Each structure stands twice: as C-alpha cells, then as structure tokens.
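Each chain, letter by letter, is given below.
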Amino acid sequence: MRVVVEADGGSRGNPGPAGFGAVVWDSSGRVLAERSEGLGSATNNVAEYEGLIAGLRAAVELGATEADVRLDSKLVVEQMSGRWRVKHASLQPLARRATELVGRLERVRFEWIPRARNEHADRLANEAMDEQAGLGKPREPEQPPAETAARTETTAPAASSTWTGAMGAPTRLVLVRHGQTAMSVDRRYSGRGDVELTPLGEQQAVAAAKRVAALEGVVTAEGAAPVITSPLSRAQQTARAVVEATGAELRTHEGLLETDFGAWEGLTFSEAAEQYTDLHRRWLGDPSVDPPRGESLQAVFERVASVQRELVEQYAGRTVVIVSHVTPIKAMLRLGLDVGPTLFYRLHLDLASVSLVEFYPDGNASVRLVNDTSHLG
C-alpha cells in the first residue's frame, strides 16, 4: 500500500512550548491517520523530526509499503535524503529513529513543500503548541459574509511601495553582522567555531545596537521588534546588546549559523589556498563546491531561504532584527535582490554592519540599506 505522509513541528520561542502534527493519506486523498502531541520545551528542528517520526510510525502501523513524505522543513528533507549531514547532537538520535522507520518500508521518497501546502499537519502542530503554551485549541475565526468581505477589500486597499510597485505591508528584516573576534582580526575562516567578541567587538556591538534602535519600526508604541540570532557566541553577544538597547525579546535560530568551513576552519585565506589549491580555487567560483567536511555556499543559501520564508510568514508585516554572520546576511540580501550567486563573491560586509531588506506579500522585495557602518565612527 502506498501512502502520503505530511508532517510539521514547531516551537513558540525556539526553544519554547513545542509540538508536532502528522497526517497520513491514501492515494485517493482520504485521511487514514492523524498524530499530534506536545513536547514540552523544544526547538523547531526537534519538533519537525518528531512530527516526521510520528507520521512514519503511523504509516508502518497501517501496513504501508511505500510512502511519499512531504515536509516544509528543508533541513529535515535534506538530512533524511542524505544530502546534508546531521551535525547537531540533539537531532542525531531523532534522525536515527526516523531512518529505522524508513527501513521498515520498501520505498520512501522525501519532498520539500511550501508551508501553504502543508496546512493539515501545520494546523495539528499549532494546536499542540497552543496546548503546551496553555492556550488550549484555537477557535476558528468567524467568516464575514462575502459581500462584507468584498466591501472591506475595496474600501481598504493594501499599502504599496510607490517606486517598486510592490503591494501590501512588507516584512522588514534588519540584518546585523556580529562584532570583531580574534579570528576576524587575523582574517581566518571562522564558521562554526564558537569564538567570542574582542573588547573592540563588544564596543562595535553596542554601537550597532544603538543604530538599530534608531531605525524606523524597531521600537514602537506597541513594543520592540523581536531579535533573532545565530546561536554562536559572537552573534549572541551582539544580539544581547541590541536587546539592551531596544527591550526586545531574544530567540535563537540554527538556520542563521555561519557556513561550516570544515577543514578550513581557523585557516587564513592564504593557508587554505596553499593546502587545498585546486579545491579552494573551485570553491571561489562555484557555490556548489563543499570545503573538506564542510558546507557549500549553495547549501547556506538554501538554508537561509528556508529561514526567510519562515520569518516572513511568522512576522508578516512586522520588523524583525536578525543578528548573524557574513554569509547568511549575504544570502538574505541575495534573496531581496533576486540575483545569482556571484553576489557572495562581490559583496563586502563589514563587522557590526547593518543592512535592511523588505519582503512584500506579493513576492516583491526592496533592499533599503547595505553595509551601513556610520555608527562605527
């Protein structure tokens, strides 16, 4: 028997109150099973894996032999397909459990789908998260009469960007690169190595925080824009300076991690070029090339694109401050500019710089600021 498994998971705070949802369909679109459960406090990625596991287990229990598994988590799809390694310790046992369940089926195909096509599992996951957060199951909003809805639409047109033609209220992402570290002083490849800011880097973080706090939409009468940061210390320290300047809430997101440079971590540009001459040269011109035991620029771009979709959906029409690293910030700007991968090689971003890109609900975007360092003197 062939089935379709759709699963999702999420966290209110990452980590925070978490839950998952999964649904199994037959080939005619009939629901065969639903699974959902709260997980206490967990991260988004843990919840997504738990949703996958629940969906696969339900398929096995139903006697399925084949499964098309559809998820809106790029990370889980790529890891379960074997294209990305499972590096985070908290995800490794979950990936093993999912792999064991896959082995009990004759054929499994993984597919990434947009969140809009994963509504059933997303609803189940959100209900589980709401229960974990003590909110209970959300009420379905009452629908206004069709003629009322039509009248509302015609009398309250969406806002637009005069110069670009973009329609609707944009989601504004304020992009902040972390301050100086000892690795950046020596111009060494600094990816997943967890180094802290230098004293100058701490000063840069404070200056960048003040610049961010002064931007339109970051601090309003309704409160401060949320601050989302890479989990690495240099970004966390910079993010905390922003929180102190704005009074915002802080959360981490693993999707904002810097590139994994693998064997090049800690090497200077010259050292990497000398020790890995051919590979380093190819890496400089081909975003699909991986450093030894590392991550390609294309993989970073796809990871950040998933984060961008998530944030634009979660914070639609709002301002969000993102504190991250040079490559993820370039990836966000590349998405805003809708240009090719040569941007990675041609755009320079300084330490503690501030950039800003707006993403509109109609798919348009507007890059408003790039590599602003006016606050650094």
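Residues numbered from 1 in each chain as written. Predicted model: local features only at pLDDT ≥ 70, side-chain atom pairs only at ≥ 80, totals over all residues. Heavy atoms only, no water.

### Let's talk about the packing of aromatic side chains
Here the structure, examined in full by the defined rule, presents seven aromatic pairs. Between the aromatic rings of Y189 and W283, the centroid separation amounts to 5.9 Å while the plane-to-plane angle is 80°, which identifies the pairing as edge-to-face. Remark: W283 occurs in helix α10 (residues 277-283) and Y189 occurs in the loop between α6 (182-185) and α7 (199-213); sequence separation between them is 94 residues. The buried category is assigned to W283, whose relative accessible area is 7%. Aromatic pair W264 and W283: ring centres 5.2 Å apart, planes at 80°, arrangement edge-to-face. (Phe/Tyr/Trp six-rings, centres within 6.5 Å; stacked < 30°, edge-to-face > 60°. Helix = DSSP H or I, 4+ residues; strand = E, 2+ residues; numbered from the N terminus. Buried < 20%, exposed > 50% of the residue type's maximum accessible area, 1.4 Å probe, protein only.)

### Overview of the environment of R334
One can find R334 in helix α12 (residues 326-337). Sequence-wise, R334 and S36 are 298 residues apart; in three dimensions their C-alpha atoms are separated by 37 Å. Other than its neighbours up to four places away in sequence, R334 contacts Q298, F301, V339, G340, P341, L343 and F344. (Contact = heavy atoms within 4.5 Å.)

### Observations concerning the sheet that holds strand β12 (residues 354-359)
The pairing of strands in a sheet comes from backbone hydrogen bonds and takes either a parallel or an antiparallel form. Ordered in space as β10-β9-β11-β6-β12-β13, the six strands form an open sheet in which the pairing is mixed. Where the open sheet ends on each side, the last strands, each with one partner, are β10 (250-252) and β13 (365-372). Taking the axes of each pair of neighbouring strands and ignoring which way they run, one obtains an average angle of 20° across the sheet. Judged from the three bridges that link them, strand β9 (residues 227-229) and β10 form a sheet pairing that is parallel. Paired with I228 across the strands is R251, a residue of β10. Across the face of the sheet, helix α8 (residues 233-246) comes into contact with β6 (171-177), β9, β10 and β11 (319-324) while running at roughly 175° to β9. (Pairing = 2+ DSSP bridges. Axes fitted to C-alpha atoms, helices over the stretch in contact; angles between N-to-C directions.)

### Considerations on the packing of helix α11 (residues 297-314) against α12
Working note: a packed helix pair is described by the angle between its axes plus the distance between those axes. Packing of α11 against α12 leaves a shortest axis separation of 9 Å and a crossing angle of 65°. Overall, the two elements α11 and α12 adopt an arrangement that is roughly perpendicular. Between α11 and α12 lies a crossing of right-handed hand. Together, L297, Q298, V300, F301, V304, A305, V307 and Q308 of α11 and T327, P328, A331, M332, R334 and L335 of α12 make up the contact between the two elements. (Parallel < 35°, antiparallel > 145°, perpendicular 65-115°, else oblique. Left-handed = near helix turned anticlockwise from the far one by under 90°.)

### Describing α7
Here α7 is 15 residues long and its end C-alpha atoms lie 21 Å apart, about the 21 Å a rise of 1.5 Å per residue gives. Residues of α7 that are buried: G201, Q204, A205, A207, A208, A209 and V212. Where α7 is buried, its residues touch β6, α8, β11 and β12. (Expected span 1.5 Å × (residues − 1).)

### Observations regarding the confidence of the model for the chain
Mean pLDDT over the chain works out to 88, with 91% of the residues at or above the 70 mark. Confidence drops under a pLDDT of 50 for residues 137-163, and excluding neighbours within four residues, the segment shows 16 contacts in the predicted structure. (pLDDT = per-residue confidence, 0-100.)

### Let's talk about the sheet that holds strand β2 (residues 16-25)
Read from one edge to the other, the open sheet built from five strands follows the order β3-β2-β1-β4-β5, with strand pairing classed as mixed. Edge strands, defined here as strands with exactly one partner in the open sheet, are β3 (31-42) and β5 (107-112). Here the strands of the sheet are splayed against their neighbours by 15° on average, with no regard to which way each runs. Contacting β1 (2-11), β2, β3, β4 (66-71) and β5, helix α1 (residues 44-61) runs over the sheet at an angle of about 155° to β1.

### So, the packing of α7 against α8
Remark: α7 packs on α8, axes separated minimally by 8 Å, with the N-to-C direction vectors making an angle of 45°. Considered as vectors, α7 and α8 are oriented oblique to each other. Crossing of α7 over α8 shows right-handed handedness. Touching E202, A205, V206, A209, K210, V212 and A213 of α7 are Q237, T238, A241, V242, A245 and T246, all from α8. Here the residues of the contact of α7 with α8 are counted per class, giving eight nonpolar, three polar and two charged. (Nonpolar A, V, L, I, M, F, W, Y, C, P; charged D, E, K, R; others polar.)

### Examining α11
Over its 18 residues, α11 runs 25 Å from end to end, which matches the ideal 26 Å to within 8%, given 1.5 Å per residue. Here α11 lies mainly inside the structure; 13 of its 18 residues are buried.

### Considering the side chain of Q204
By the element assignment, Q204 lies in helix α7. Looking at Q204, the relative accessible area reads 13%, which means it is buried. Looking at Q204, its side chain comes within polar contact range of the main-chain nitrogen of Q180, at 2.8 Å. Ignoring sequence-local partners within four residues, the contact set of Q204 consists of G179, Q180, L351, A352 and L376. (Polar contact = N/O pair within 3.5 Å; in protein donor to acceptor, adjacent residues only side chain to side chain.)

### Regarding the nonpolar core
Among the nonpolar cores identified, the biggest contains 33 residues, and Y49, L52 and V69 are the most heavily contacted of them. Of all the elements, α1 adds the most residues to this core, at ten residues. Those residues in contact with Y49 that sit more than four places away from it in its chain are V76, Q79, M80, V86, L91, L94 and A95. If you look at the next biggest cluster of nonpolar residues, it comprises 31 residues, including L173, A272, V304 and I329. (Core = buried A, V, L, I, M, F, W, Y, C linked by side-chain atoms within 4.5 Å.)

### Quick notes on the environment of E78
Relative to the elements of secondary structure, E78 occurs in helix α2 (residues 74-80). Under the relative-accessibility criterion, E78 is labelled buried at 6%. Measuring from C-alpha to C-alpha, the distance between E78 and R234 comes to 27 Å, with 156 residues separating the pair along the chain. If sequence neighbours within four positions are ignored, E78 has contacts with R83 and W84. Within polar-contact distance, the side chain of E78 engages the side chain of R83 at 2.7 Å.

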